[in-house]
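These are the residues of each chain, in order.
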Amino acid sequence: MLRLPLATVATVLVWTALSVPSTGQSPGSPLPESDGILRLLRALELGLQSGDPRQYLPLLAPNADRAQARLFAADWFSSRITRAVVRERDRQPLADVPPGEGYALYADIFTEFGREGRLGSWRLDVHRSRSQDEAGLKWQIAAQNEMSAFAGLHQLQLNPEKQLAGRNLVITSEDFELKIPQAAVFVSEVPGGVTALAVTGRGEMTFAPSSEAERGQVRIFSGSEILRTRVDAVFIRLSPAQFNVRIAGTLEERPVDARDLRRATELFDDEIQKSFAVDLRDLSSALWSTVPERGDLVAEVRTRDYDTLTYSRMSGNAEDIGLFDRRRRRTISLYASRQKLDERGPFYSEDDLIDYDVVNYDIDARFEPERLWMEGHTALRLRVKTSTLGIFSLRLARQLTISSVVSPQFGRLLAVRDLNQDSFIVQLPSAAPPGTFFDLVVTYAGRLPPDRVMNELLTPAAGQAGQRPPGQPPPGQPPGFEETFLLPAEPSWLYSNSAYWYAQSMVSDFATARLRLSVPDNYASVATGVVEAPPEPVPPSPGARDITWRQSTSVAARPVRYLSWLVTRLAHAADATATIASDAGVIRAFGVSGFQTIDVRVEANPRQTGRGRNLTGRIVDILEFYGSIVGEFPYPAFTVALVENDLPGGHSPPYFVQLNQPPPFTTLQWRNDPAYFSSFEDFFLAHEVAHQWWGQAVGWKNFHEQWISEGFAQYFALLYAEWRQPGAFDNILRQLRRWSLNESDQGPVYLGYRLGHIKGDSRVFRALVYNKGAAVLHMLRRVVGDDAFFGGLRQFYADWRFQKAGTEDLRASFGAVTDVPLESFFGEWIYGQGIPRIRSNWRADNGGVVLTFEQLGDSVFVLPVTVTIELADRSTRDETIVLDEGTVEVRLPVPGRVRDVKVNSDEAALADFVR
């Protein structure tokens, strides 16, 4: 049995216990007298309520181990108990007694000690009594086992009889300071001291992150790199041990002022449920809370300028300092503290945040589109990593109600649902040592909206007049969006990496999988994996809704980062095969031993089948081009699904691509988007196909490294354009540069999804993570040369296939194939956000030309620059010069008189050139 304080798993979340009684009774309703087992549990509840351990003994069967039962009762029955609740969660027949004569009961227990609480999960083996005992019970307890227990729950409230007058009050945490000259302070205390404060009074909050990138995000939010704002009140949660560390100034007790108490109580009631709070549902109607870990702090600051801003310092997070705009639901800052950086360094992998790996998923699910109803169960195979595992979290969409979490090795498990969060906490009855494999089966159901992969949808520009008045764009679209829809799009539902439609790891985790997915007979599925068998009709279950289902089975034998499921009406468009040419010459040289041939399938909404057939040859061409560069296909099969959608875009999970197509006769224009390239029609398709290698086969270590996926996919699409349509290559390169320069002040590539997040503009993300990321790769190619560049790509892929990589790993892989130092290159272009200003000059010199470049500014960038020399006969020659010092002077021999020299005419260098 494993016991942990609930605070051990406290985060800035709200939790709720799983609470659907398997017997069907409503919480708090009378137990049916006809069910003797429920009468036994009611007697157990009353015994706990009495606090007398002797009340447990009459509930025992004659064959029960009374010595063990007395120890059990002594631990749980206490005279301090003021309230007790027992809720049955499941019952299973016992194997060693005749049918109907014995059950294993699984129950949740909650005991209150005034304003403290304890939560437990028990297994009780009960036998039918041969005769009704003196207590009138027909069932008795033969054995009992505490499977898990949570301690450290508190029902917090402000002390209405104690008011403190604060003078020159200062509340501090790293990069955060709140000063209130005069304040009314009310506190909530636990046995260790003060854990919550409601503070009212006018003051000033200062937030000044030390990171240049974070100061830039604060500037975007507030107009200044240091955020200062007037404050009217603040609610604080902290560890009692940190009270004297975080709170400075004078606090003196004074008579309670009714108006101050009312304001503080309103503040407390509004904010207490937002952090460290536990809603136990049918176990208690009250709100229960945990105590923050030492060093953790949450401040809900009510400002005059920005409504409520939330500052958090959470030591359990990889990036433990955050500032959040509650009203607009925007993350302003998120970064690692100095202490965290000292502990782990500047880089990290999200895998380091969890103590387990999921190695396989086995999913059986049904989806009914008309109701958006998802139900099923996920079987997970887990491996414990370096630390002993006793308590851990899994993801599952908040809309899905969990009915059970069962392990073949550990039995039914206590699980705590994160209220309003897409996660839940599981506790094992005993800690599992490193290297242990075990299984879980999570059963769930609920109404679940599909994914919206907004960063992969283009932002349309103004088109023809639509149905909405000017200035009223569709929800989620920027001003200027207009469209004309003559036919509605065929409905489709995509469940992918942000829908959390199946129980999964808290981080994307390479694993194999088997999926058995059912949809109504008039729909079809496309899912991650190779289709193992043709879809088969499945009749409705007895007593279920009268629906004939179509079940398909897919198997992902090669590891994937996440699983996706597309449901729509589909018609088969084409089959094909893609093959890597035998002279690709890169496969064995870099240890790559993947597939050289891949089966290609094209499915489409019925009105898009013709386009699907027309695209098939180009899809195969793109696959074969990429395969020749990398040396393999990462997966043995690939499906392209063309679906109608009002917004252009797509999504590329492992094994397939969803490619959005406008409905017939629809006029859409999206020229004003960083990812739209009118000069090369297949660019977007090429980008999505490239994700099978970059983003899927090679993942990214954390959100900072998203450019490993998007920047690489964008550059591979550019390479395909260079190969198939060289004239389009230059136009695309210019557009990459234009968007990169225009949005460079929004932050470094390394900020990932947060780019544009504060402004709610996903185009910023695409301009920098997609386009600047691709432009950086093109500059890297020109710095090291083609042979080293493509060799480095293959080395990087071979080193990190089916793993998560980061920028430093990319630099290390290139270090194996080139001696060119690249630390400064990536330091400025990926981790930094500056754009170099360069002054250039030239002069003719005795059969040659002398070029001088001076970088203006404090930083020195590594930058390849194309120089176009025009001779007197108007012939031209291009030379590439790598600038890697503040001032570079180069003499180039030329076979004639120089008429002119142009710098960066191909616009391949991300720089501002001045004369």
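Look up a bit, the structure's there.
We now turn to the structure provided with this report.

Calculation rules
- Residues numbered from 1 in each chain as written.
- Predicted model: local features only at pLDDT ≥ 70, side-chain atom pairs only at ≥ 80, totals over all residues.
- Heavy atoms only, no water.
- Helix = DSSP H or I, 4+ residues; strand = E, 2+ residues; numbered from the N terminus.
- Buried < 20%, exposed > 50% of the residue type's maximum accessible area, 1.4 Å probe, protein only.
- Contact = heavy atoms within 4.5 Å.
- Areas by Shrake-Rupley, 256 points an atom, 1.4 Å probe, with all protein chains shown as cover.
- Pairing = 2+ DSSP bridges.
- Phe/Tyr/Trp six-rings, centres within 6.5 Å; stacked < 30°, edge-to-face > 60°.
- Axes fitted to C-alpha atoms, helices over the stretch in contact; angles between N-to-C directions.
- Parallel < 35°, antiparallel > 145°, perpendicular 65-115°, else oblique.
- Left-handed = near helix turned anticlockwise from the far one by under 90°.
- Nonpolar A, V, L, I, M, F, W, Y, C, P; charged D, E, K, R; others polar.
- Salt bridge = Lys/Arg side-chain N within 4 Å of Asp/Glu carboxyl O.

**Here we look at the overall build of the protein**
- Along its length, the protein carries 14 helices and 45 strands.
- Residues counted as buried form 58% of the 915 residues belonging to the protein.
- Considering only contacts in the protein between residues 6 or more positions apart, those separated by 24 or more positions represent 73%.
- Total accessible area on the protein is roughly 36500 Å²; 47% of this is exposed by carbon and sulfur atoms.

**Some remarks on unusual backbone geometry**
- You will see that Arg-874, though not glycine, has its phi angle at about 70°, which is positive.
- Unlike most non-glycine residues, Asn-904 shows phi in positive territory, near 60°.
- Of note, Asn-904 is situated in the loop between strand 44 (898-903) and strand 45 (912-914).

**A closer look at the sheet that holds strand 21 (residues 401-407)**
- With mixed pairing, the eight strands of this open sheet are ordered in space as 22-21-25-19-18-27-30-29. Taken across any chain shown, the strands that pair with only one partner, and hence form the sheet edges, are strand 22 (411-412) and strand 29 (530-538).
- Looking at chain direction, strand 29 and strand 30 (residues 549-560) are connected through six bridges and run antiparallel. The residue of strand 30 that forms the bridge with Val-531 is Ser-554.

**Structural notes on the packing of aromatic side chains**
- As enumerated under the stated definition, the model contains 50 aromatic pairs in all.
- With 5.4 Å between their ring centres and 40° between their planes, Phe-347 and Tyr-831 make a pair best called tilted. Placement of Phe-347 in the loop between helix 6 (338-344) and strand 18 (356-368) and of Tyr-831 in the loop between helix 14 (823-829) and strand 39 (837-844) is noted, with a sequence separation of 484 residues between them.
- You can call Phe-347 partly exposed: its relative accessible area is 34%.
- A relative accessible area of 23% means that Tyr-831 is categorised as partly exposed.
- Measuring from ring centre to ring centre gives 5.8 Å for Phe-765 and Tyr-770, while their planes differ by 75°; the resulting arrangement is edge-to-face.
- Among the residues examined, Tyr-770 registers a relative accessible area of 2% and is labelled buried.

**Details of the sheet that holds strand 28 (residues 524-527)**
- Spatial strand order, 26-31-28: three strands in an open sheet with antiparallel pairing. Each edge of the open sheet is held by one strand with a lone partner, namely strand 26 (492-495) and strand 28. Here the strands of the sheet are splayed against their neighbours by 15° on average, with no regard to which way each runs.
- Sheet topology places strand 26 next to strand 31 (residues 565-568); four bridges connect them, and they run antiparallel. What sits directly across from Tyr-495, in strand 31, is Trp-565.

**Points about the environment of Tyr-715**
- If you trace the backbone, Tyr-715 turns up in helix 9 (residues 707-724).
- Between the C-alpha atom of Tyr-715 and that of Ala-774, which follows or precedes it by 59 residues, the distance is 4.6 Å.
- Discounting residues that sit within four places of it in the chain, Tyr-715 has contacts with Ala-774, Leu-777, His-778, Arg-781 and Phe-789.

**A look at the packing of helix 9 against helix 12 (residues 786-800)**
- Where helix 9 meets helix 12, the closest approach of the two axes is 14 Å, and the angle between their N-to-C directions is 135°. In terms of orientation, helix 9 and helix 12 fall into the oblique class. Handedness of the helix 9/helix 12 crossing: left-handed. In contact with Ile-708, Phe-712, Tyr-715, Phe-716 and Leu-719 of helix 9, helix 12 contributes Phe-789, Phe-790, Leu-793 and Phe-796.

**What to know about the packing of helix 12 against helix 13 (residues 807-815)**
- Interaxial distance between helix 12 and helix 13 falls to 8 Å at its minimum, and their mutual angle equals 120°. The angle between helix 12 and helix 13 falls in the class oblique. When you trace helix 12 past helix 13, the crossing you get is right-handed. Seen from helix 12, the contacting residues are Ala-788, Phe-789, Gly-792, Leu-793, Gln-795, Phe-796, Asp-799 and Trp-800; seen from helix 13, they are Asp-809, Leu-810, Ser-813 and Phe-814.
- Considering only residue class, the contact of helix 12 with helix 13 consists of seven nonpolar, three polar and two charged.

**Let's talk about the pattern of salt bridges**
- Within the structure shown, the criterion is met by 64 salt bridges.
- Taking the shortest distance from any N to any O, the salt bridge between Asp-845 and Arg-891 comes out at 2.9 Å. Residue Asp-845 is found in the loop between strand 39 and strand 40 (848-856), and its partner Arg-891 is found in strand 43 (residues 887-893); the two are separated by 46 residues along the sequence.
- On the basis of relative accessible area, Asp-845 is assigned to the partly exposed category, the value being 28%.
- Under the relative-accessibility criterion, Arg-891 is labelled partly exposed at 42%.
- Of the charged contacts in the structure, one is a salt bridge between Arg-899 and Glu-870, with a shortest N-O distance of 3.2 Å. Here Glu-870 lies in strand 41 (residues 863-871) and Arg-899 lies in strand 44, a separation of 29 residues in the sequence.
- For Arg-899, a relative accessible area of 40% corresponds to the partly exposed category.
- Classification of Glu-870 by relative accessible area gives buried; the value is 14%.
- Members of the salt-bridge network, linked through shared partners, are Arg-42, Glu-45, Arg-87, Arg-89, Asp-108 and Asp-282.

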